[in-house]
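These are the residues of each chain, in order.
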Amino acid sequence: MSSAREFHLRTPLRDEDVEKLRIGDVVYLTGTVVTARDEAHELALEVLRGGGSLPVDLRGLALYHCGPVAVKDVSGSWKIIAAGPTTSMRMEPVEPEFIERTGVKMIIGKGGMGRGTAEAMKKHKAVYAVFTGGAGALAAEAIKRVPAVYWLDKLGMAEAMWVFEVEEFGPLTVAIDSTGANLYEQRLAEVAEKAKEVKRELGLPAEE
């Protein structure tokens, strides 16, 4: 694979912003990022299926699989202490519908996502990007303001829907692009092919 390209993007993201990204590219994002984990996904879809609207319009925005640690400063404003990514595969069962119903253009998390999400991204022009796991403090540095938090009383701090204003949030590595290509699947295929080559070199049968 060719060397990674670097992009500095701003929300709201347009189709053309997303369509130029390919797996392996690195993105730094500025603008609005909204968090949602398992419970926020479920509640959001419940609202949308019932014909309601979400407290924040997600069209063109980035959705972050994250349960932040936040405190209030002396002025009463929220300050994010840590905002590392949550394992994204937990959201796989509902993510395709979430993408379709909300119009989000980027999902951010860790650990990869599955075929259903990849197909939804291909259909609706969106991408999945991974943020370095264990870098919660690094993520928090890029969060400049917390304009709002929704469902805090109902879901609790980790599961609430937080709205972040971020500056140069990243590095984010594109793991599923708008063509449906999946970096993790590609790497697994490369490893499998390499294993076959090693077996051939050793004179072993390719399949056991």
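Please refer to the structure higher up on the page.
The following paragraphs examine the structure supplied in this document.

Rules of the game
- Residues numbered from 1 in each chain as written.
- Predicted model: local features only at pLDDT ≥ 70, side-chain atom pairs only at ≥ 80, totals over all residues.
- Heavy atoms only, no water.
- Helix = DSSP H or I, 4+ residues; strand = E, 2+ residues; numbered from the N terminus.
- Buried < 20%, exposed > 50% of the residue type's maximum accessible area, 1.4 Å probe, protein only.
- Contact = heavy atoms within 4.5 Å.
- Areas by Shrake-Rupley, 256 points an atom, 1.4 Å probe, with all protein chains shown as cover.
- Polar contact = N/O pair within 3.5 Å; in protein donor to acceptor, adjacent residues only side chain to side chain.
- Axes fitted to C-alpha atoms, helices over the stretch in contact; angles between N-to-C directions.
- Parallel < 35°, antiparallel > 145°, perpendicular 65-115°, else oblique.
- Left-handed = near helix turned anticlockwise from the far one by under 90°.
- Nonpolar A, V, L, I, M, F, W, Y, C, P; charged D, E, K, R; others polar.
- Phe/Tyr/Trp six-rings, centres within 6.5 Å; stacked < 30°, edge-to-face > 60°.

Things to note about the overall build of the chain
Argument step 1. When you go through the chain residue by residue, the secondary structure sums to seven helices and nine strands.
Argument step 2. Buried positions account for 46% of the 208 residues belonging to the chain.
Argument step 3. By sequence separation, contacts in the chain at least 24 residues apart represent 62% of the contacts at least 6 residues apart.
Argument step 4. Surface accessibility of the chain: about 10200 Å² in total, with carbon and sulfur atoms responsible for 51%.

Quick look at the side chain of His41
Argument step 1. The residue His41 is located in helix H2 (residues 38-49) in this model.
Argument step 2. A residue is classified by how much of its surface remains accessible, and His41, at 0% relative accessible area, is buried.
Argument step 3. A distance of 2.8 Å separates a polar atom in the side chain of His41 from the backbone oxygen of Arg37.
Argument step 4. Residues contacting His41, with those up to four places away along its chain left out, are Ala36, Leu63, His65, Met91, Val94, Glu95 and Phe98.

Some details on the environment of Met91
Argument step 1. With respect to the element layout, Met91 can be found in the loop between strand E5 (78-82) and helix H3 (95-102).
Argument step 2. As a C-alpha pair, Met91 and Glu42 span 49 residues in sequence and 9.4 Å in three-dimensional space.

Digging into the packing of H3 against helix H4 (residues 115-124)
A packed helix pair is summarised by two numbers, namely the angle formed by the two axes and the spacing between the axes.
Argument step 1. Close contact between H3 and H4 brings their axes to 8 Å; oriented N to C, the two are set at 20 degrees. Taken together, the axis directions place H3 and H4 in an arrangement best described as roughly parallel. The two elements H3 and H4 meet at a crossing, and its hand is right-handed. Across from Glu95, Pro96, Ile99 and Glu100 in H3, the residues of H4 making contact are Gly116, Thr117, Ala120, Met121 and His124.
Argument step 2. Per-class residue counts for the contact of H3 with H4 are four nonpolar, three polar and two charged.

A few points about the packing of H2 against H3
Argument step 1. Running from amino to carboxyl end, H2 crosses H3 at an angle of 50 degrees, the nearest separation of the two axes being 11 Å. Taken as axis vectors, H2 and H3 run oblique relative to one another. As H2 runs across H3, the sense of the crossing is left-handed. Listed contacts from H3 to His41, Ala44, Leu45, Leu48 and Arg49 of H2 are Glu95, Glu97, Phe98, Arg101 and Thr102.
Argument step 2. Taken together, the residues that form the contact of H2 with H3 break down as four nonpolar, two polar and four charged.

Details of the packing of aromatic side chains
Argument step 1. Counted by the stated rule, this structure contains three aromatic pairs.
Argument step 2. Aromatic pair Tyr64 and Phe169: ring centres 5.4 Å apart, planes at 75 degrees, arrangement edge-to-face. With Tyr64 in strand E3 (residues 62-64) and Phe169 in strand E9 (residues 161-176), the pair connects residues that are 105 residues apart, well separated along the chain. Summarising the burial analysis for this pair, Tyr64 and Phe169 share the class buried.
Argument step 3. Residues Phe131 and Phe169 carry aromatic rings whose centres are separated by 5.2 Å and whose planes lie at 15 degrees to one another, so their mutual orientation is stacked. Here the residue Phe131 occupies a position in strand E7 (residues 127-131), and Phe169 occupies one in strand E9, the gap between them amounting to 38 residues.

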